Amino acid sequence: METMIEKEIDILVFKTNIKYKKDLEKVQDILKVHPKITKWHVDLSDRDKVLRIESIDILPHQIINQLQQVGFSCEELPD
Amino acid sequence: MRVKDEKKVVAIKEKALEILVNKGFDGLSMQKLAKEAGVSPATIYIYFKDRDDLIIQVALEEIQKMLEATLKGFSPEMHFEEGLKLQWINRVNYFLKYPMQAHLSEQIKYSPYYNIVFQKMDKTFQKTMGEFVHNAIKRNELVKLPLEVYWSIAFAPLYQLVKFHTSGRGLNRLEKFVLDENMMDQTLKLVIKALKP
């Protein structure tokens, strides 16, 4: 049976090249203040440096654009 | 809007358990797990934020199930002998029925993950076992000991016998070892004798 995770919250998953702690600081500057992002996390131990975002009503390309602007590669991982 | 696919979550958790038991903590990567569970890495990341989160969630769930099984039919008011016997039976039954889950619980217990798992664990089990021990001491059925000493006498013999049994070999690696009911009764009698005031 399929159940809703939580109303309105959407989870987006991206492959990035966020590698180091100092990269994380840059990313944090963008994601922390974003009004539509409720939670985010980068898995630095994974090959794909996966960025996971919980948000309300945000489009993947908005995240991609913002990360690219500060010099990171970012692409949505297909489910 | 994203919907939760329970089948996929179950497949991910089952495969993670298998890899952790067979290959250890370092043997588990999200990429490998995705391949073996037949899902995309993105799917795993929808439910778990990283490898540690996954390990902790899987371990927590399995340990919780194990502790629930251990408390089946048990009450902290039980006479010490009767209660300990039921504990032994419940634990043995669980270990033999779910050897992989039992193995994972042991792995976790002696890893850095255990602190976090312990914090998140429902404390009903600890509470119940604590009451059981206190009642038994009060009724003069059990000698008062530091908790670790009590545990080592009350349960470690059983856990070691189960390890021999699951590996199929005893101390002499050449001979087959099977833990039977007589052997368990014999050991339990000695344990109870040791713990009597």
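These remarks concern the structure in this document. (Residues numbered from 1 in each chain as written. Chains lettered and ligands numbered in written order. Predicted model: local features only at pLDDT ≥ 70, side-chain atom pairs only at ≥ 80, totals over all residues.)

Right, let's talk about the overall build of chain B for a bit. In terms of helices and strands, chain B carries 11 helices and one strand. The helix and strand sequence of chain B, counted from the amino end, reads β-α-α-α-α-α-α-α-α-α-α-α. With respect to the principal axes defined by its C-alpha atoms, chain B has extents near 60 × 45 × 25 Å. Across the 197 residues that make up chain B, the buried fraction comes to 23%. (Helix = DSSP H or I, 4+ residues; strand = E, 2+ residues; numbered from the N terminus. Buried ≥ 20, exposed ≤ 12 C-beta atoms within 10 Å, placed from the backbone.)

The next point concerns the overall build of chain A. When its secondary structure is counted, chain A shows two helices and five strands. Beginning at the N terminus, the succession of helices and strands in chain A can be written as β-β-α-β-β-α-β. Radius of gyration (C-alpha) of chain A: 13 Å, near the 12 Å computed for a compact globule of 79 residues. By its C-alpha atoms, chain A is 40 × 25 × 20 Å across when sized along the principal axes. Within the span of chain A, comprising 79 residues, buried residues form 23% of the whole. Across chain A, the fraction of contacts at a sequence separation of at least 24, relative to all contacts at a separation of at least 6, is 58%. (Rg over C-alpha atoms; globule rule 2.2 N^0.38 Å. Contact = placed C-beta atoms within 7 Å.)

A:V13, A:F14 and B:A16 are the most contacted members of the largest nonpolar core, which has 35 residues in total. The element best represented in this core is helix α4 (residues 51-70) of chain B, accounting for five residues. Each residue touching A:V13, except ones within four places of it in the same chain, is listed here: A:V50, A:R52, A:L77, B:A42, B:Y45 and B:I46. Among the nonpolar cores identified, the runner-up in size contains 11 residues, and B:F80, B:A154, B:L158 and B:V191 belong to it. (Core = buried A, V, L, I, M, F, W, Y, C linked by C-beta atoms within 7 Å.)

What follows deals with the pairing of strand β3 (residues 37-43) of chain A. Sheet analysis places β3(A) next to strand β4 (residues 50-56) of chain A, joined by six bridges and oriented antiparallel. Looking at β4(A), one finds that A:W40 is bridged to A:I53. (Pairing = 2+ DSSP bridges.)

On to helix α5 (residues 80-97) of chain B, then. Residues and elements named next belong to chain B. Counted at 1.5 Å a residue, the expected span for α5 with its 18 residues is 26 Å, and the 26 Å between its end C-alpha atoms agrees. Those residues of α5 lying buried are F80, G83, L84, Q87, W88, Y94 and F95. Projected down its long axis, α5 carries its buried residues within an arc of 140 degrees, all on one side. Counted as exposed and oriented over 90 degrees from the buried face of α5: E82 and K97. Residues of α5 that are buried in the fold lie against α4, α6 (99-109), α8 (124-138), α9 (147-154), α10 (156-167) and α11 (181-195). (Expected span 1.5 Å × (residues − 1). Arc of directions from axis to C-beta.)

With that settled, consider the pairing of β4(A). Residue and element names in this part refer to chain A. The element β4 is extensively covered by neighbouring structure, given that five of its seven residues are classed as buried. Bridge analysis of strand β2 (residues 9-16) against β4 gives six bridges, and the strand direction is antiparallel. Counterpart to I9 in the pairing with β4 is I56. A loop of six residues connects β3 with β4, the two strands running antiparallel in sequence, and K49 in this loop sits at a positive phi of about 45 degrees.

The pairing of strands in a sheet happens through backbone hydrogen bonds and is either parallel or antiparallel. Residues and elements named next belong to chain A. On the basis of which strands lie adjacent, the open sheet formed by four strands has the order β3-β4-β2-β5 and antiparallel pairing. Here the strands that pair on one side only, and so sit at the sheet edges, are β3 and β5 (74-76). The mean angle between the axes of side-by-side strands here comes to 25 degrees, regardless of whether they run parallel or antiparallel. In the sheet, β2 pairs with β5 via three bridges, with the strands oriented antiparallel. Looking at β5, one finds that F14 is bridged to E76. In the packing of helix α2 (residues 60-69) onto the sheet, the strands contacted are β2, β4 and β5, and the crossing angle to β5 comes to about 165 degrees. (Axes fitted to C-alpha atoms, helices over the stretch in contact; angles between N-to-C directions.)

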